[in-house]
Every structure is written in structure tokens, then in C-alpha cells.
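Reading the structure
One letter stands for each residue in the lines below.
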Amino acid sequence: MAIHEPGRTLMKHVGLQFVEKKVAGGGSRATNANLSLTSMIDFLVVTVVFLLMSFSASGETPIAPGLTLPKAANYEDMLNAPVVSIHNGLVLLDGTRAGETRTIEDNNVIITIPELLTQLKARKDTWKLSHPASEQKDVPQAIILQIDQHVKAVVVKSVFKTAALAGYPNINFMVDTLAKSGE
Amino acid sequence: MAGVDVGGGGKGGRKSLDSEINMIPMIDLLMVTISFLLITAVWTHMARLEADAQVQSQQQDKDVEKPQVERILFIEMMPDKFVLTWKEGGVKVEPPGAIDVPRPPDSVAVSRQGSTEVVHYGDLAKTINEQWKANSRTQADNKKDLAILHCDNQAEYKYIIGVMDALYETKRVMGPAGGADGKKIDCSVTHLQQCETAFNVTFTSQ
């Protein structure tokens, strides 16, 4: 078969302006945008490093939903101890119900909360049973009170008194941190 | 796709020395890591204010024969003022006697930070610091001064924390580093790591 010179081709010899506009761009701005991977990865890596640095693997003491802690500037770091939460009229020891505050507020008298006292004493007894005699002098004496900022003083004092009587004289009030003066 | 050129041309049918890092799984990994860290992040930082319940121990009962008379600072929260009194063995120390510190109204003392109301009693903190310098214990015995807080049963917890925060603004260095009286280094100026609160707080049970 003889070889012929090719005939007229589309786009080159036969003008197809609408195709040129759609396909070849026709000199208009391209619809595809280039994403710079280098800067994107840089950003992601910096974010990961920042979050890793501020990550706490030890976990934080959980706060009851809706409970607002007061803020203080002259604070100390948290420690690991039983947490007594007072919020919405309930007293909770590590999330377990250990009394209610309505009676205390109504009577306006500082009392010992029986349920809380029993549970705290039981906790202490359990610790003593599970540790050898040589460690008995290190029996835990610290407790953390997680109290909503609007709770009345009579409730705070009642819980304070109960914890002290149960053998937890080192009582710590949990607060939210406020920037220290001079920082 | 991004690539890493490690040199060489890979001639003569040998395996090419150019290798490529697949960017898609790498970006996926970074995204997942960021998501995990953001979800588990804790943005509120909790701390504590320490108080000490004065429970008389059996050992203290045995030591009744040699009583230790210590100065104790009593702070009374009144609606319009704070009353500071130093007592020694139940007897008011004269001077200074009872010192009145005006209690600012809530519109001045309380500020809002989000849902939290921050109570700040600056004048009280300043007066307590001055009083501590003039009246506190003098031995470098690593013991804190005791402060007893009297407040109305109907007072809200945030005001108690406000007073405790003012009280804990007074700091000292314990032991020899702080000098014979614990006041050699001024912790209000230096912010040293060894600086501790000068007071232990407790409440009255009435």
C-alpha cells in the first residue's frame, strides 16, 4: 500500500475553537492548582512536634462535667490522691456517690458526712491490708477536693472535717491555674 | 511524586539507585497523629492549694507536758473587711493587735475569665506579707506558720480560694538557704524554685 501524505488534521488544520478553549486552555488560567508538598509537610511536622511536647501520657485528673474550678496563682503541682468531687448537690469519691450536700446546706451546720467517712476509712484500711508492715508509716494522708466555685463554705468545711477525721489531714483544693504574678 | 536522588544512573541493567518516598502514607500518618494528639490534649491545667487539717495525733498528746506556744495568724472574712489577728497560746499579740484590711466589693475583686470568676485580694496579700515579716516564727526550722481561716458558712468557695491565694502569696525559703529566719531571700522578688508558701491554712470547725 502506498504511503500518502496525511490529510488535514483536527485542531491543526481544522479550527475547533470551542475544543481549544475547553481542552487546551486557550491561554486562560489553568483550572488545576499545584499544592506545595514541602511546606505542607513542614507544617504538619511542626504541629506534631508541638502536640507531642504538650502531650501528657500520665493523664489528667478528670473533672466532672459542668464543674467549674476556681482559679489561683500561687498553686502547687498536682499529686496522685483520692479525689472528692462536690457538684450538683452530690459528694463523689473517685466518681462513686458518697453523700449529698442539700442537708448540710439546709441546716447550715458543719457535720461529718457519714457515707464519705465510711468510704475513706475503708479505702485506708484496704491500703493497710495490701501493704506490708514495713510500709505502714507511709500510709497516704493526702486527698484532693474538687469543688465547684459556687459551693457554700459550710459544705467545704464539712468535707474538710470528714476527710481529716478519716485520716487524711493533708487536704488539697484543686484549682485551675492562673498566670503567676511576675510571669 | 517526590523523590530522593541518591546518585548513580542505574546503567547496564542494574537496579536504579533512585528511590522514591511515597508521600501519601506519610501525610496520612501525620494527619492521624495530629488528630490523636488533638483529641487527647488537655487544655486546662489543674493544680492544688494545700491545706492542713490540725488533727491532734497521739504523739502530740504525749507531748502535752512541754507545750509549744506558737504564733498563729487568724483571718476573719467579714462582708466589708478582713480582720488579721496574731495569737500566741490563745492570747492576742499586742502590738499589732487586730488589723483591719478593707474587703473590696465584688465589682473590684472579682473578674471573669471564661466561665470562671477569679477572686483577687491584692491588698490582703500585701498586708499579710508585711505582717508575716514582722510577726512570724524566727527559727529556721523548716516549719510553716499556721493560719486559721474564719469565714461565714454561706460564703462561696471561690472567695475562700481568693483568701488562700492571697495568703500563699507570702513565700519563704526553708532551712539554712533562707537564712536564720527564713527571710534572707525575698521570694516575692526572686521567684526561686526553693520558695515555698510561708503558711499552712486550716479552718475553724464552728
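Figured I'd write up the structure that's included with this text.

1. Some remarks on the overall build of chain A
Counting its secondary structure elements, chain A contains five helices and six strands. Of the regular secondary structure in chain A, the N- to C-terminal order runs α-α-β-β-β-β-α-α-β-α-β. Looking at chain A as a whole, 36% of its 183 residues are labelled buried. Across chain A, contacts joining residues at least 24 apart in sequence account for 65% of those joining residues at least 6 apart. Of the roughly 11300 Å² that chain A leaves accessible, carbon and sulfur atoms contribute 57%.

2. Overview of the pairing of strand β11 (residues 199-203) of chain B
All names here are of chain B. Counting buried positions along β11 gives five out of five residues, so the element sits mostly inside the fold. Here β11 shows no split at all, with Phe199, Val201 and Phe203 on one side and Asn200 and Thr202 on the other all buried. Looking at chain direction, strand β8 (residues 145-150) and β11 are connected through five bridges and run parallel. Bridge pairing in β11 places isoleucine 148 opposite threonine 202.

3. Some words on the nonpolar core
Ranked by size, the top nonpolar core spans 67 residues in total, and within it Phe173 of chain A together with Met164 of chain B carry the most contacts. Apart from the residues within four sequence positions on either side, phenylalanine 173 of chain A is in contact with Leu145, Ile147, Val156 and Phe160 of chain A together with Ala47, Arg48, Leu49, Ala51, Tyr157, Ile161, Met164 and Phe203 of chain B.

4. Considering the side chain of asparagine 153 of chain B
Looking at the secondary structure, you find asparagine 153 of chain B in the loop between β8 and α5 (157-167). At a separation of 3.4 Å, a polar atom in the side chain of asparagine 153 of chain B contacts the main-chain carbonyl oxygen of asparagine 108 of chain A. Within the structure, asparagine 153 of chain B has its side chain in polar contact with the side chain of lysine 157 of chain A (distance 3.2 Å).

5. Quick word on the interface of chain A and chain B
Taken residue by residue, the interface counts 53 residues in chain A and 51 residues in chain B. Each partner contributes to the roughly 4900 Å² buried at the junction of chain A and chain B, and carbon and sulfur atoms together form 63% of this total. Scanning the region where chain A abuts chain B turns up one salt bridge. A salt bridge links arginine 48 of chain B to glutamate 76 of chain A, with the nearest nitrogen and oxygen atoms 3.6 Å apart.

6. Things to note about the packing of aromatic side chains
Applying the stated criterion across every chain, the model contains six aromatic pairs over all chains. Both rings, one in phenylalanine 173 of chain A and one in tyrosine 157 of chain B, keep their centres 6.0 Å apart while their planes meet at 50°; by these two values the pair is tilted. You can see phenylalanine 173 of chain A sitting in strand β6 (residues 170-177) and its partner tyrosine 157 of chain B sitting in helix α5, one on each of two chains. Accessibility classification places phenylalanine 173 of chain A together with tyrosine 157 of chain B in one group, the buried group. Note on tryptophan 86 of chain B and phenylalanine 199 of chain B: the rings are 6.3 Å apart at their centroids and 40° apart in plane angle, and the pair reads as tilted. Taken together, the residues span a long stretch of sequence, with tryptophan 86 of chain B in strand β3 (residues 81-88) and phenylalanine 199 of chain B in strand β11 at a distance of 113 residues. A residue is classified by how much of its surface remains accessible, and phenylalanine 199 of chain B, at 0% relative accessible area, is buried. An aromatic cluster of at least three residues, connected via ring pairs, comprises Phe160 and Phe173 of chain A together with Tyr157 and Phe203 of chain B. Its end group placed over the ring of phenylalanine 74 of chain B, lysine 87 of chain B keeps NZ or CZ at 4.7 Å from the ring centre.

Calculation rules
- Residues numbered from 1 in each chain as written.
- Chains lettered and ligands numbered in written order.
- Predicted model: local features only at pLDDT ≥ 70, side-chain atom pairs only at ≥ 80, totals over all residues.
- Heavy atoms only, no water.
- Helix = DSSP H or I, 4+ residues; strand = E, 2+ residues; numbered from the N terminus.
- Buried < 20%, exposed > 50% of the residue type's maximum accessible area, 1.4 Å probe, protein only.
- Contact = heavy atoms within 4.5 Å.
- Areas by Shrake-Rupley, 256 points an atom, 1.4 Å probe, with all protein chains shown as cover.
- Pairing = 2+ DSSP bridges.
- Core = buried A, V, L, I, M, F, W, Y, C linked by side-chain atoms within 4.5 Å.
- Polar contact = N/O pair within 3.5 Å; in protein donor to acceptor, adjacent residues only side chain to side chain.
- Buried area = accessible area lost by both parts, 1.4 Å probe.
- Salt bridge = Lys/Arg side-chain N within 4 Å of Asp/Glu carboxyl O.
- Phe/Tyr/Trp six-rings, centres within 6.5 Å; stacked < 30°, edge-to-face > 60°.
- Lys NZ or Arg CZ within 6 Å of the ring centre and 35° of its normal.

Structural measurements only, silent on function.
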